[in-house]
Amino acid sequence: MFEKTTWIKLPRNVLVGHGVLDDLSAALAELYLSGRPLVVTSPTPNELAGDRVRAQFDDSATVTVDQASFDAVERVIDVAEAEDAGYLVGLGGGKPIDTAKMASDRLGCGFVSVPTAASHDGIVSGRSSIPEGDTRHSVAADPPLAVVADTEILAEAPWDLTTAGCADIISNYTAVKDWQLAHRLKNVEYSEYAGALSQMTAEMLVESSDAIKPEFEESAWLVAKALVSSGVAMSIAGSSRPASGAEHLISHQLDRLVPGRALHGHQVGVAAVVTEYLHSGERGEWADIRDALKDVGAPTTAAELGIDDETFLEAVTTAHTIRDRYTILGDGVSDAAAREAAAFTGVI
Ligand SMILES: NC(=O)C1=CN([C@@H]2O[C@H](COP(=O)(O)OP(=O)(O)OC[C@H]3O[C@@H](n4cnc5c(N)ncnc54)[C@H](OP(=O)(O)O)[C@@H]3O)[C@@H](O)[C@H]2O)C=CC1
Ligand SMILES: O=C(CO)COP(=O)(O)O
Ligand SMILES: [Zn+2]
């Protein structure tokens, strides 16, 4: 008997462009959401855009979170219940968006993503990343019903956040290679469609890198569109596999060793240079990844991340323990192999 089933959860309305923040309520009107919104935000995004969001609703409540944590998720759930909110609007960077995504998943209510930074593909995906104990990687949570990404706001955000978003997309190259490897060696289910979409998203971003420059609103548009596409690839796959391989494991390990030292996207970009070398050796495509990162102004060395060489190497040699996800790191690379890869590629 044929037993395969597919259930793909995707956002229904995705708005990317200049001034679209003011179309938020129109985008939501089409979704038949009921009740009033609870805006989940953090201090800077609230100051930048909170009033423009609240002005579009007759009635709303707001809760501000300072960090992504399970305490913050609990607090949002409490406020949502106390305020009798019908759905949650995550306004800000990954911190409020992931907190709102997780809280709405727990509450069983709708979630809408209004990113103020194009810093990683979590702003669109059905994945939420809330640190708990030693766990740093994302877990499944229903994706946003709508995404409203105003490029005017994204373009005015600190440039580092945008280059981090670019690097998160560039790392899709190695993520897809790891996924294909796991398919060949461990029979992990692989989606050709999701893999191709993820890879094409990285290729298109790299091909447009000349247009990715600070103060060009088009840069924010290109990056936001790529983040949407990467999020869709994850939704099709039903996992973060299309956008998260060994380079993400290394980044998660860095988050444990030196929390908050560098942005997620920057870490996965630098780690991707090393994991590409591990995949394809001295003559492989690691230099293309490094050059793509350089072209968008993202870091390419451990030092540029503010991380010392030994800590970076410790992350590479221990990253395979992070989660049950087979990658080029296998059951662990030796210190000598990690050192060789990182030194040859100029990462250390
Ligand atoms: N779901 C997923 O797949 C993923 C989720 N994540 C999660 O996302 C978080 C990191 O994402 P990131 O976006 O860097 O985090 P933040 O939400 O912390 O945003 C980064 C910083 O930028 C500020 N900021 C946001 N928007 C603007 C703006 N328009 N102008 C000026 N400053 C702005 C924030 O201010 P303020 O301090 O006031 O908030 C904050 O200081 C982590 O919690 C991580 O776990 C990361 C990767 C993937
Ligand atoms: O950041 C992500 C994809 O870019 C999510 O990946 P993780 O599942 O490894 O957290
Ligand atoms: Zn990522």
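Residues take numbers from 1 onward in each chain, read along the sequence in its written order. For this description, chains carry letters from A and ligands carry numbers from 1, given in the order in which they are written. Only residues with pLDDT of at least 70 get local features here, since the model is predicted, and only at 80 or more are side-chain atom pairs given and counted; chain-wide, interface and lining totals rely on the full set of residues. Only hydrogens and water are removed before side-chain values are computed, so all heavy atoms of the structure are retained for them.

Draft legend 1. Region of the structure containing the site of ligand 2. Any residue with at least one heavy atom within 4 Å of a molecule or strand is counted as near it. The full set of residues close to ligand 2 is Asp-121, His-137, Ser-138, Asp-168, Ser-240, Ala-243, Ser-244, His-248, His-252, His-264 and Arg-323. Measuring from an oxygen atom of ligand 2, one finds a side-chain N or O atom of Ser-240 at 2.6 Å. Measuring from an oxygen atom of ligand 2, one finds a side-chain N or O atom of His-252 at 2.7 Å. For every accessible area listed, the method is Shrake-Rupley and the probe measures 1.4 Å; residues are considered covered only by the protein chains on display. Relative to its unbound accessible surface of 310 Å², ligand 2 loses 94% to contact with the protein. Amino acid classes used here: Ala, Val, Leu, Ile, Met, Phe, Trp, Tyr, Cys and Pro are nonpolar; Asp, Glu, Lys and Arg are charged; the rest, including Gly, are polar. When the residues that make up the shell around ligand 2 are grouped by side-chain class, the tally is one nonpolar, seven polar and three charged. By the criterion applied in these results, polar contacts are pairs of N or O atoms within 3.5 Å in which, for protein atoms, one can donate a hydrogen and the other can accept it, and in which residues neighboring in sequence qualify only through two side-chain atoms.

Draft legend 2. Spotlight on the coordination of the zinc ion (ligand 3). At the metal site, the zinc ion (ligand 3) is ligated by Asp-168 (OD), His-248 (NE2) and His-264 (NE2), and these contacts range over 2.1 to 2.2 Å. For Na, K and Ca the donor cutoff is 3.2 Å, while for all other metals N, O and S atoms count as donors only within 2.8 Å; water does not appear among the atoms, so some sites may look incomplete. When the donors of the zinc ion (ligand 3) are listed by position in the chain, the intervening gaps give D-x79-H-x15-H. Pair noted here: Asp-168 is in helix H6 (residues 159-170) and His-264 is in helix H11 (residues 264-280), with a separation of 96 residues, a long-range link. For Asp-168, a relative accessible area of 0% corresponds to the buried category. Helix and strand labels come from DSSP, where a helix needs a run of H or I of at least four residues and a strand needs a run of E of at least two; each type is numbered from the N terminus. Burial here depends on accessible area, computed with a 1.4 Å probe over protein chains only, as a share of the maximum for the residue type. Under 20% is buried, over 50% is exposed, and the range in between is partly exposed.

Draft legend 3. Structural context of the pattern of salt bridges. What counts as a salt bridge is simple: a side-chain nitrogen of Lys or Arg found within 4 Å of a carboxyl oxygen of Asp or Glu. One pass over the structure, following the stated rule, counts 14 salt bridges. The closest approach of N and O atoms between Lys-177 and Glu-276, which form a salt bridge, is 2.8 Å. Residue Lys-177 is found in helix H7 (residues 172-186), and its partner Glu-276 is found in helix H11; the two are separated by 99 residues along the sequence. Of the residues examined, Lys-177 reaches a relative accessible area of 24% and is grouped as partly exposed. Of the charged contacts, one joins Arg-339 and Glu-310 as a salt bridge, the two residues approaching to 3.0 Å between their closest N and O atoms. Of this pair, Arg-339 sits in helix H15 (residues 335-344) while Glu-310 sits in helix H14 (residues 309-318), and the two are 29 residues apart along the sequence. Overall, the relative accessible area of 45% leaves Glu-310 in the partly exposed class. When salt bridges with common partners are traced through the structure, they connect Asp-22, Arg-52 and Asp-150 into a single cluster.

Draft legend 4. View of the UniProt feature "binding site: glycerol" (unreviewed entry) in the protein chain. UniProt positions are given in the numbering used here, feature names are shortened, and annotations may be inferred rather than shown by experiment. Sites flagged by UniProt as "binding site: glycerol" (unreviewed entry) map to Asp-121, Asp-168, His-248 and His-264. For this annotated set, covering 144 residues, all C-alpha atoms fall within 12.6 Å of each other, a compact arrangement in space. The residue His-248 is located in helix H10 (residues 246-257) in this model. Overall, His-248 belongs to the buried group, its relative accessible area being 5%. Every residue pair with non-hydrogen atoms within 4.5 Å of one another is taken to be in contact. Not counting the four nearest positions on each side in its chain, His-248 is found in contact with Asp-168, Ser-171, Ala-243, His-264 and Val-268.

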